[in-house]
Amino acid sequence: MKFLILNYLTKRTRDPMVKVAYRNISTMYCCNFLAFFLLTAFFTSVSAEVLTEPQKGVDMHLGVVTCAGNTCHGANAPLKDSRVQQNEFTIWHREDKHAKAYTVLFNDASKRIARNLGIKAAHTEKLCLDCHADSVPVERRGKRFQIEDGVGCETCHGGGERYLGPHVSGTRTHAENVELGLYPLDEPVARANLCLTCHLGTKDKLATHRIMGAGHPRISFELDTFTHIQPMHFKLDKDYKERKGNPNGMQIWAVGQVSAAERFLELFQDPKYQTAGIMPELAFFDCHACHRPMKHPHWDFRESSGLQPGTIHLNDANLLMLRSLLRHISPAQGELLHKALLRLHQATSVSLADAHKEAAAMRPLLAEIRNTVLQRQFTPSDMHAVALDLAGEGARGNYNDYGAAEQAAMALGAIAEALRTDGALSAEKSAQMESSLKEIDAVLKDEHGYDPERMIKSLKTIETILR
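Residues numbered from 1 in each chain as written. Predicted model: local features only at pLDDT ≥ 70, side-chain atom pairs only at ≥ 80, totals over all residues. Heavy atoms only, no water.

Colleague: Please clarify how the nonpolar core should be interpreted in this entry.
Modeller: In summary, soluble globular proteins display a tendency toward joint burial of nonpolar side chains. Counting 77 residues, the largest nonpolar core has W253, F284, L325, L337, L366, L390 and I415 as the members making the most contacts within it. Apart from the residues lying within four places of it in its own chain, the contact partners of W253 are E222, D224, M321, L325, V386, L390, A411 and I415. Core analysis: the second largest hydrophobic core is formed by 15 residues, Y102, L129, I147 and A214 among them. (Core = buried A, V, L, I, M, F, W, Y, C linked by side-chain atoms within 4.5 Å. Buried < 20%, exposed > 50% of the residue type's maximum accessible area, 1.4 Å probe, protein only. Contact = heavy atoms within 4.5 Å.)

Colleague: Is there a simple way to think about helix 18 (residues 380–395) in this case?
Modeller: With 16 residues, helix 18 ought to run about 22 Å at 1.5 Å a step, and its terminal C-alpha atoms sit 22 Å apart, in line with that. In terms of burial, helix 18 is a largely internal element, 12 of the 16 residues being buried. Those residues of helix 18 that sit buried are D382, M383, V386, A387, L388, D389, L390, A391, G392, E393, G394 and A395. Remark: G397 follows helix 18 within two positions and exhibits a positive phi of approximately 90°. (Helix = DSSP H or I, 4+ residues; strand = E, 2+ residues; numbered from the N terminus. Expected span 1.5 Å × (residues − 1).)

Colleague: For this particular structure, what's the right way to read unusual backbone geometry?
Modeller: Note: most residues except glycine have negative phi, and most peptide bonds are trans. With an omega dihedral of 5°, the bond running from Q230 to P231 counts as a cis peptide bond. Positive phi values are uncommon outside glycine, yet D81 reaches one of about 60°. One non-glycine residue, Q86, lies in the positive phi region at around 70°. Mapped onto the fold, Q86 is located in the loop between helix 3 (32–50) and helix 4 (88–95).

Colleague: When you look at the pattern of salt bridges in this model, what are you seeing that I'm missing?
Modeller: Oppositely charged side chains can form a pair if their charged atoms are brought close together. Enumeration according to the criterion identifies 19 salt bridges in this entry. Measuring nitrogen to oxygen at the nearest pair gives 2.9 Å for the salt bridge that ties R376 to D382. Residue classification places R376 among the partly exposed positions, given a relative accessible area of 26%. For D382, a relative accessible area of 3% translates into the label buried. Members of the salt-bridge network, linked through shared partners, are R323, R327, D389, E393 and R396. (Salt bridge = Lys/Arg side-chain N within 4 Å of Asp/Glu carboxyl O.)

Colleague: Would you take a moment to explain the state of the cysteines for this structure?
Modeller: Here, the word disulfide means a covalent bond between the sulfur atoms of two cysteines. Per the stated rule, a full pass over the model turns up 1 disulfide. Disulfide pairing places C131 opposite C198 at an S-S distance of 2.4 Å. With the S-S bond torsion at -105°, the cross-link from C131 to C198 turns out left-handed. Of this pair, C131 sits in helix 6 (residues 126–132) while C198 sits in helix 10 (residues 188–199), and the two are 67 residues apart along the sequence. Among the residues examined, C131 registers a relative accessible area of 28% and is labelled partly exposed. (Disulfide = S-S within 2.5 Å.)

Colleague: Would you mind going over the side chain of N248 with me for this structure?
Modeller: Mapping N248 onto the fold places it in the loop between helix 13 (238–244) and helix 14 (249–269). Looking at N248, the relative accessible area reads 12%, which means it is buried.

Colleague: What is the right way to look at the packing of aromatic side chains in this model?
Modeller: Note on aromatic pairs: each is described by the distance of the centres and the angle between the planes. Following the criterion strictly, the structure yields 8 aromatic pairs and no others. Centre to centre, the rings of F234 and Y240 are 5.3 Å apart; their planes meet at 15°, and the pair counts as stacked. Among the residues examined, F234 registers a relative accessible area of 25% and is labelled partly exposed. A ring pair is formed by F264 and F268, whose centres lie 6.4 Å apart and whose planes are at 5°; its orientation type is stacked. Of this pair, F264 and F268 both sit in helix 14, 4 residues apart, which is roughly one turn of that helix. Note on accessibility: F264 and F268 belong to one class, buried. (Phe/Tyr/Trp six-rings, centres within 6.5 Å; stacked < 30°, edge-to-face > 60°.)

Colleague: Even after reading the chapter, I still don't get the environment of T103, so can you show me in this structure?
Modeller: Among the structural elements, T103 can be located in the loop between helix 4 and helix 5 (108–117). When its relative accessible area of 41% is taken as the criterion, T103 is described as partly exposed. Considering only alpha carbons, one finds T103 and D149, 46 residues apart in sequence, at a separation of 8.5 Å. Polar contacts involving the side chain of T103 include one to the main-chain carbonyl oxygen of K100, which spans 3.0 Å. (Polar contact = N/O pair within 3.5 Å; in protein donor to acceptor, adjacent residues only side chain to side chain.)

Colleague: What should I look at first to understand the side chain of T197 in this one?
Modeller: As for its placement among the helices and strands, T197 is situated in helix 10. Residue contacts for T197: discarding those within four places in its chain leaves E53, C131, T202, K205 and R263.

Colleague: Whenever I open this one, the packing of helix 15 (residues 317–329) against helix 19 (residues 402–421) confuses me. Can you help?
Modeller: A pair of packed helices can be characterised by two numbers: the angle between their axes and the separation between those axes. Following both chains from N to C, one finds helix 15 and helix 19 inclined at 45°, their axes separated by 8 Å at the closest point. In terms of orientation, helix 15 and helix 19 fall into the oblique class. The element helix 15 and its partner helix 19 pack so that their crossing is right-handed. Two secondary-structure elements touch here, helix 15 through A317, N318, L320 and M321 and helix 19 through G403, A404, Q407, A408 and A411. Partitioning the contact of helix 15 with helix 19 into residue classes produces 6 nonpolar, 3 polar and no charged. (Axes fitted to C-alpha atoms, helices over the stretch in contact; angles between N-to-C directions. Parallel < 35°, antiparallel > 145°, perpendicular 65-115°, else oblique. Left-handed = near helix turned anticlockwise from the far one by under 90°. Nonpolar A, V, L, I, M, F, W, Y, C, P; charged D, E, K, R; others polar.)

Colleague: What should I look at first to understand the packing of helix 19 against helix 20 (residues 427–444) in this one?
Modeller: Where helix 19 meets helix 20, the closest approach of the two axes is 11 Å, and the angle between their N-to-C directions is 160°. By the criterion of interaxial angle, the relationship of helix 19 to helix 20 is roughly antiparallel. Note that helix 19 runs across helix 20; the crossing there is left-handed. Where helix 19 approaches helix 20, its residues Y402, A405, E406, A409, L412, G413, A416 and R420 are matched on the opposing element by S430, M433, L437, I440 and L444. Class assignment of the residues belonging to the contact of helix 19 with helix 20 gives a composition of 9 nonpolar, 2 polar and 2 charged.

Next comes the structure, spelled out in structure tokens:
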């Protein structure tokens, strides 16, 4: 059902190891403190490993053609009796927008953006190539590597110099291939960190307000949804679950939200992205607080910000999603986050320095929230409660901003799909949810014509369905 609310995204533009590790630790150790200590150590090591994105690694990138053989990943259709589908390259080449990320740099919109930015050409500019291609240094490009292949296999899976041979032989485990440079995309924290390098940014690359002002589309992202609409080039079958665990869409959504919130605050504080003249870097603020027709009265008081009319506010959509999540799984942390978010918003109306101070103070709390999310074994009861809270928040007018409404819509789609997969959503309620999600899709189709009242009406319907 998540696809119903994302037609507008597809036109524009779950972690199993975590769960298995926690389950194993909890089984092996009766002492909760020891289990928590080991779990924290495990994720600390994972985080340390995945901070280096494939483009910044040490391995040669050999080119997508090295994965494209019909006995490797280039089959026209899934092969019978194979552990993997073996048509992953074909899916990427035919259906994945990542494969066309480089070629779009030649279209009229990209030419206009380049002209507005005063650069020669988008397809030769590092500013653009860092997200629209596998932009590794020339000395790490193999003989069959082509920048024209866009965001290819090794952009996400890592340079194949060390792992390709053992991977092809089939004699190594997935964990052993990871040790040889294969990026652990099956881990939600790792996947989120990597996807966010372009779908939000890093200290080295960001779709700034200047870039968006030149014509670049607004950036949005949700991990579970975007994994599916890529489209997925892996199948969650018995073999996958035996090798990598059984992904839970609710946890992947939650990991994506906390990862995005952490990255957002990190970038908001980065000295590189501070004031531009008398203005702050507006890419961190809600676009539609300014970019909407003035003839229609849209502003309404939102208790999650506490701000007055005429005050632009930070894009807090991911933090709002976490509030709904935490109210069910960790109310104390939820209350702390709510108060910290209010302080952050209030600080933006005082000074940029005050806002950075509050952002810095919130980051340790988000790290604790990440651990809470990773330890949680999400049940259908969890999913139902969080979805109900999300719908209720929207029904009370807390998603009057398009960005928050967009995240809520993707969240409800992801959770509804997880409930359906677990058999926890009756056929009747599933059909009702589908109808409501279609309505939300229509509400969100045009971000410039977004009608908060229609969104509230749709979310009240979903709230009724879930009660």
